[in-house]
Amino acid sequence: MMSVKTVSLLAGMSLLCANAAIAAESVPADYFDLTHWYLQVPEDLNNDHRADTIHPNELGKYSHPEYFYLDELNRLVFSSPNKAATSKTSTNTRSEMRYLLNGSNEAANPSYDRNFSLAAHPEAAKFAAIGGRMEATLHVDHAPTRAGYPDKPTAYSVVIGQIHAAKMDQKTGGFGYGNEPLKIYYKKWPNHETGSVLWVYERNLETNNPNRIDIDYPVWGNHWDDATDPGDKGLALGEEFSYVVNVHEDTMYLTFTSPKHGDVNFSINLADNRDAHGNVDKFDHPQGYAGDPLYFKAGVYNQCSTKDDPSWRYPACPGTGDWLTDRSKGDYAEATFSRLVVTEPTKPGQ
């Protein structure tokens with residue numbers, strides 16, 4: 001005959017097992033509003049020679065044990081190896097989401113229905129929104145630790161938030177180059193205890209224009225081509241920080257917050273060619289991104305491309321294409337989000 005103590009112990013174990021089963025069944029959409037996002041993961045299960053995408057109507061029940069899942073605290077983990085399936089237009093792998101304002105891939109006018117524009121856009125009234133606001137709290141768990149060209153700016157780095165312009169036929173209106181007015185980076189050299197958080201602005205020029213470069217602005221730590229140890233100025237792996245990207249009318253307002261460093265703020269008008277310091281950049285498009293459909297992205301966009309090319313964009317990072325092997329060698333990027341929210345823009349100061 002079982003004792004009361006034994007029965008209580010068994011009941012307690014059954015409850016623990018039940019809770020574990022419930023936790024195992026949880027997916028990111030149980031704790032994050034993903035109704036307007038679609039996801040790209042670094043694998044090609046349908047063999048179409050490009051990274052797979054999970055659409056909003058599928059994302060509510062989706063989780064991936066390696067690239068997109070909840071941790072034990074129900075935070076959202078994104079992971080991406082150096083070598084894996086990529087999108088058609090990139091050599092960088094990603095586990096990253098794109099925000100769709102209409103919450104669907106189905107749209108009568110995709111550029112207008114899914115995206116936002118600046119107030120200066122000549123057809124701003126047609127878009128789903130003018131401006132927008134994205135807020136995230138996260139920590140970076142891992143940055144790639146090896147690179148064929150360690151001195152290239154993108155080596156050892158990962159992008160954890162973006163504003164992207166839609167790539168389109170210029171005949172339909174807009175500039176259509178598909179560039180990025182914002183990429184938020186974390187970069188840590190493998191021999192340093194801390195890394196740097198920075199953001200970059202890409203000049204809005206055609207792909208083959210030699211002046212189409214990214215201009216970086218350090219938040220905590222160093223410029224992305226500075227191999228100096230950031231020390232106490234930087235952030236360690238696992239150290240939490242937040243960012244707010246608020247595009248109001250034509251201006252992008254950025255706020256970065258760290259418990260250790262406090263707040264750092266930037267602003268830049270995206271409808272002209274003045275940089276974030278207020279200086280005219282004669283090489284940038286004179287109207288900036290005023291003619292482009294824009295959208296938010298968040299997650300992990302691994303910048304350690306395995307492509308071996310003279311361009312500054314390709315650090316020729318190693319990778320085998322086998323997840324377990326590449327993870328064991330440090331050839332991957334990973335970040336964990338505890339908060340990710342997109343709302344309407346707010347007036348500065350509100």
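In what follows, the structure referred to is the one given above.
These lines cover the structure that appears in this document, whether it is placed above or below. Just so it is clear, the model here is predicted, and its values are computed rather than measured.

Here we look at the environment of Thr93
Stage number 1. With respect to the helices and strands, Thr93 occurs in the loop between β4 (76-81) and β5 (94-99).
Stage number 2. Taking the C-alpha atoms as reference points, Thr93 and Leu34, 59 residues apart in sequence, are found 21 Å from one another.
Stage number 3. Those residues in contact with Thr93 that sit more than four places away from it in its chain are Pro42, Ser80, Pro81, Asn82, Lys83, Ala84, Ala85, Thr86, Tyr301 and Asn302.
Stage number 4. A distance of 2.7 Å separates the side chain of Thr93 from the side chain of Ser80, its partner in a polar contact.

Considering the packing of aromatic side chains
Stage number 1. Throughout the structure, instances matching the rule amount to 18 aromatic pairs.
Stage number 2. Each ring, one from Tyr201 and one from Tyr289, has its centre 5.7 Å from the other, and the planes form 85 degrees; the classification is edge-to-face. Placement of the pair is Tyr201 in strand β11 (residues 196-202) and Tyr289 in the loop between β15 (262-269) and β16 (294-302), with a sequence separation of 88 residues.
Stage number 3. On the numbers, 6.2 Å between centres and 85 degrees between planes, the contact of Phe256 with Phe266 is edge-to-face. One end of the pair, Phe256, is in strand β14 (residues 251-258); the other, Phe266, is in strand β15, and 10 residues separate them in sequence.
Stage number 4. Exposure remark for Phe256: the relative accessible area of 1% places this residue in the buried category.
Stage number 5. Overall, Phe266 belongs to the buried group, its relative accessible area being 17%.

Definitions and cut-offs
Residues numbered from 1 in each chain as written. Predicted model: local features only at pLDDT ≥ 70, side-chain atom pairs only at ≥ 80, totals over all residues. Heavy atoms only, no water. Helix = DSSP H or I, 4+ residues; strand = E, 2+ residues; numbered from the N terminus. Contact = heavy atoms within 4.5 Å. Polar contact = N/O pair within 3.5 Å; in protein donor to acceptor, adjacent residues only side chain to side chain. Phe/Tyr/Trp six-rings, centres within 6.5 Å; stacked < 30°, edge-to-face > 60°. Buried < 20%, exposed > 50% of the residue type's maximum accessible area, 1.4 Å probe, protein only.

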